[in-house]
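Okay, here's what each chain looks like letter by letter:
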Amino acid sequence: MGWLARGRHAARRLRLVVATEGLAETVRRLARRTRRDAGLGDYLAVKAARDAAFDARHDSDTGGVQRLYTLAIDSPNARHGIDHVASDPDVFAAALALLDGDLSRFHFLDLGSGKGRALLLACDYPFRAVTGVEFAAELHATATRNLARRGDPRATALLGDATAVALPDGDLLVYLFNPFEAAIVRAVARRLAALPPERDIRLLYVTPRHRDALAAEGWRVVAGAGEAVLFRRD
């Protein structure tokens, strides 16, 4: 996508946020983003080096920070999305260590899967299947290429919205790496809570900024370490 098309996407996204959230909330959002970005300089430099090392080892393209307002997203929930940053491999491994039992029972489902790094990492574990759902077309296309190079028949990338995509059958491990705001976290939690009670559904939330949204839908914390929290249904 060229700079002109990105500018048009950004302008449309800004108009949508103003129309749905109001001018005051839009200004607050922009202020929060400016303050956050101002404090990320050192982090982004370290992240860029780690991203480059990971992608060189895995012949992949998973790094960088992708601003959602520059991407093609066909969803009314675009305004609730958070800019894409790939999962850190060490944080991912620590998060997966919270799980007990036989992982081969679970379908690993990454909601907001971006370029697919967590999917690549999940392929190193004995999950029954590995699926990612991403609503930004460009990120999904990149994830599809990354999985094709990996060549694991268990792994699939889907283009779709986390609040509407068909959920896999059987036991699920749902992975969230801070992909969206509280409204979507709560909608996803409600969908998952409504699945049949005999299914083992676990939700692994890394950088859990909206854990209260899960608690409001009947999810309880069963384990936690560092940046990761594991939830199960009541």
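Now for a quick tour of the structure. (Residues numbered from 1 in each chain as written. Predicted model: local features only at pLDDT ≥ 70, side-chain atom pairs only at ≥ 80, totals over all residues. Heavy atoms only, no water.)

## Digging into the nonpolar core
Generally speaking, soluble globular proteins have nonpolar side chains that are buried together.
Alright, step 1. Phe92, Phe108, Phe127, Leu173 and Leu204 are the most contacted members of the largest nonpolar core, which totals 27 residues.
Alright, step 2. When residues of this core are traced back to their parent elements, those giving at least two are helix H4 (89-96), strand S3 (106-111), helix H5 (117-122), helix H6 (137-150), strand S5 (155-159), strand S6 (171-177), strand S7 (201-206) and strand S9 (228-233).
Alright, step 3. The element contributing the most residues to this core is H5, with five residues.
Alright, step 4. Residues within four places of Leu173 in sequence aside, it is in contact with Leu96, Leu99, Phe106, His107, Phe108, Leu109, Phe127, Arg202 and Leu204.
Alright, step 5. Grouped together as the second largest cluster of nonpolar side chains are 24 residues, Ile184, Val185, Ala213 and Phe231 included. (Core = buried A, V, L, I, M, F, W, Y, C linked by side-chain atoms within 4.5 Å. Buried < 20%, exposed > 50% of the residue type's maximum accessible area, 1.4 Å probe, protein only. Helix = DSSP H or I, 4+ residues; strand = E, 2+ residues; numbered from the N terminus. Contact = heavy atoms within 4.5 Å.)

## Quick notes on the sheet that holds strand S8 (residues 219-225)
Alright, step 1. Sheet architecture is open: seven strands sit in the order S5-S4-S3-S6-S7-S9-S8, paired in mixed fashion. Single-partner strands in this sheet number two, and they are S5 and S8. Sheet twist, expressed as the average angle between the axes of neighbouring strands with direction ignored, equals 20°.
Alright, step 2. Note that strand S4 (residues 129-134) and S5 share five bridges and pair parallel. In the strand pairing of S5, Thr131 is matched with Thr156. (Pairing = 2+ DSSP bridges. Axes fitted to C-alpha atoms, helices over the stretch in contact; angles between N-to-C directions.)

## Some points on the pattern of salt bridges
Alright, step 1. For the coordinates displayed, the defined rule picks out 17 salt bridges.
Alright, step 2. The salt bridge involving Asp90 is made with Arg50; its shortest N-O contact spans 3.3 Å. Here Asp90 is found in helix H4, whereas its partner Arg50 is found in helix H3 (residues 41-58), with 40 residues between them in sequence.
Alright, step 3. Overall, Arg50 belongs to the partly exposed group, its relative accessible area being 38%.
Alright, step 4. With its nearest N and O atoms 3.6 Å apart, the salt bridge here joins Arg220 to Asp234. Of this pair, Arg220 sits in strand S8 while Asp234 sits in the segment after S9; the two residues are 14 residues apart in sequence, bridging distant segments of the chain.
Alright, step 5. By relative accessible area, which is 71% here, Asp234 ends up exposed. (Salt bridge = Lys/Arg side-chain N within 4 Å of Asp/Glu carboxyl O.)

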